[in-house]
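Chain and residue survey
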Amino acid sequence: MRRLLLWMAGNAFLRRNLPRLWFTRRAVRRFMPGETALEALVAAERFREQGTPVLFTLLGENLSRLEDADAHAAEYLELIDEINRRGIDGEVSVKPTQLGLDLDRDRTLAHLERLAGAAAPRTVWLDMEGSAYTETTVELYEAVKPRHSNTGLCLQSYLKRTYSDVQRLLPIEPRIRLVKGAYAEPPTVAYRSRREVDANYLALCVSMLEAMRNGRRMFLGLGTHDVELIRQVEQYARSNGFEQIPFDVEMLYGIRADQQRRLKKEGFPVRVLIAYGSAWYPWYMRRLAERPANVVFALRQLLPV
Ligand code: FDA
């Protein structure tokens, strides 16, 4: 089921047609407050009332025209202005291909630098896409981080290369968000079983906490809804001399909201990622693939309310 849903995420015919169906549009609302930046900002203000900071991401990836990359960068700049104007504790997270990585690497870097300059001191994050982009995305981060310390990079625990990416980035004092990984990847580059992906997640966290203990300056965000794994990382930190929780927890809007509130109550720094934009189809299909039971929820939208 997971592979079928990830295949559907990449299928051009379905990408064009499924989002037009009313029941798909209704189902996606579970994971995003709306398609516009204004709806995302209003949702962020509701989180602010609960003292919860947010991350914004504008959906859209793999462009075919550079003009679209320029338009995305302009949209992010407007969003950052609005975040500043409203005084929201909000960071932004961008997909490198959304800023034109497929088409022009230097222009992508220039866009990223403008966003980082406008957002400072708030962090601008680079999402991690499929493994075809991992090396260029890590290189992009290596280029931008020394000039803009307020930038961060997402790494994926399903990739076998991630341990060496962490070691490679430590000298530049990285800000890392660790996720399990959301794309269909071959066994040559990725662990496929949940047990291996989770074990690698924990091992990566331990290696980063060790680096911090040895004086490395870095930031760690756990981008996961796996509360058991979060608990294990916390226990490791506590039994190894960390007096405060040395990481943030980042979860997606609409997923395990009860756990988000509970962790926050227990003192974990929790941040919620709010996605918006009209190009939500592949992103939404990856959310269904993460938990195929969500397909039942989507189909239930066919029933009258
Ligand atoms: P896992 O899938 O094991 O789920 C743990 C528990 O959470 C499950 O038991 C389930 O109950 C619940 N859960 C998880 N997903 C759910 C869903 N969709 N609906 C309902 N319940 C669900 N990926 C990537 O490749 N590149 C990126 O840049 C990012 N960025 C990113 C940012 C942030 C803030 C988050 C939280 C996630 C990402 N991801 C990502 C997605 C990530 O790779 C992964 O696919 C999802 O987080 C799901 O995996 P979990 O770590 O939650 O664990």
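Here we summarise the structure given alongside this text. The numbering scheme is per chain: residues are counted from 1 as the chain's sequence reads. Only residues with pLDDT of at least 70 are given local features in this predicted model, and only at 80 or more are side-chain atom pairs given and counted; all residues enter the totals for whole chains, interfaces and linings. Working from all heavy atoms in the structure, the side-chain values ignore hydrogens and water.

1. Comments concerning the overall build of the protein chain
The condition is simple: Each helix is a run of DSSP H or I of at least 4 residues and each strand a run of E of at least 2, with the numbering of both proceeding from the N terminus. Each radius of gyration reported is based on C-alpha atoms, and the globular scaling rule is 2.2 Å times the count of residues to the power 0.38. Residue contacts are counted whenever heavy atoms from the two residues lie within 4.5 Å of one another. To measure how exposed things are, a 1.4 Å probe is used in the Shrake-Rupley method; for residues, cover is taken only from the protein chains shown.
For the protein chain, the count of helices and strands is 13 helices and 8 strands. In terms of C-alpha radius of gyration, the protein chain reaches 19 Å, essentially the compact-globule figure of 19 Å for 305 residues. Nonlocal contacts in the protein chain, meaning residues at least 24 apart in sequence, comprise 74% of its contacts between residues at least 6 apart. Of the accessible surface of the protein chain, which amounts to about 14000 Å², a share of 53% is contributed by carbon and sulfur atoms.

2. Brief notes about the packing of aromatic side chains
The geometry of an aromatic ring pair comes down to the distance between the two centres and the angle between the two planes. Worth spelling out the cut-off: Two rings from Phe, Tyr or Trp (for Trp, the six-membered ring) form a pair when their centres sit within 6.5 Å of each other. Planes less than 30 degrees apart are called stacked, planes more than 60 degrees apart edge-to-face, and all others tilted. Whether a residue is buried, partly exposed or exposed follows from its accessible area with a 1.4 Å probe, protein chains only, as a fraction of its type maximum: under 20%, in between, or over 50%, in that order. To sit over a ring, a charge needs its Lys NZ or Arg CZ within 6 Å of the ring centre and within 35 degrees of the ring normal.
Using the criterion set out here, one finds 5 aromatic pairs in the structure. Ring centres of phenylalanine 47 and tyrosine 253 lie 6.2 Å apart, and the angle between their planes is 80 degrees; this geometry places the pair in the edge-to-face category. Linking phenylalanine 47 in helix H4 (residues 37-49) with tyrosine 253 in the loop between strand S7 (248-252) and helix H11 (257-265), this pair joins segments that are 206 residues apart in sequence. Residue class for phenylalanine 47 comes out buried when judged on its relative accessible area of 13%. Joined through ring pairs, the aromatic side chains of Phe31, Trp280 and Tyr284 make up one cluster. Over the aromatic face of tryptophan 125 sits the side chain of arginine 177, whose NZ or CZ is 5.1 Å from the ring centroid. The aromatic ring of tryptophan 283 is capped on one face by arginine 287, whose charged end is 5.1 Å from the ring centroid.

3. Considering the packing of helix H1 (residues 2-10) against helix H12 (residues 281-290)
We apply this condition: Angles run from 0 to 180 degrees between N-to-C directions of axes, and those axes are lines fitted to C-alpha atoms, restricted for helices to the stretch in contact. Roughly parallel means an angle under 35 degrees; roughly antiparallel means over 145; roughly perpendicular covers 65 to 115; every other angle is labelled oblique. Each residue receives one of three labels: charged for Asp, Glu, Lys and Arg, nonpolar for Ala, Val, Leu, Ile, Met, Phe, Trp, Tyr, Cys and Pro, and polar for the others, Gly being one of them.
Running from N to C, H1 and H12 cross one another at 175 degrees; their axes reach a closest spacing of 8 Å. Here H12 runs roughly antiparallel to H1, going by the angle between their axes. Contacts from Arg2, Leu5, Leu6, Met8 and Ala9 of H1 reach H12 at Tyr281, Pro282, Met285, Arg286, Leu288 and Ala289. In terms of residue class, the contact of H1 with H12 is built from 9 nonpolar, no polar and 2 charged.

4. A closer look at the pairing of S7
Operational definition: For two strands to pair, DSSP has to find at least two bridges joining them. For crossovers, right-handed means that the path from the first strand over the helix to the second runs clockwise, given strands pointing away from the viewer.
When you tally the buried positions in S7, you get 5 out of 5 residues, the bulk of the element. Residue alternation in S7 divides its side chains into two sets, Asp248, Glu250 and Leu252 and Val249 and Met251, and both sets are buried. In this structure, strand S6 (residues 219-223) lies alongside S7, joined through 3 bridges in parallel fashion. Looking at the pairing, leucine 222 lines up with valine 249 of S7. Taken together, the 4 bridges between S7 and strand S8 (residues 270-276) define a ladder with parallel strand orientation. Paired with glutamate 250 across the strands is arginine 271, a residue of S8. In this fold, S7 hands off to H11, which returns the chain to S8; that crossover is right-handed.

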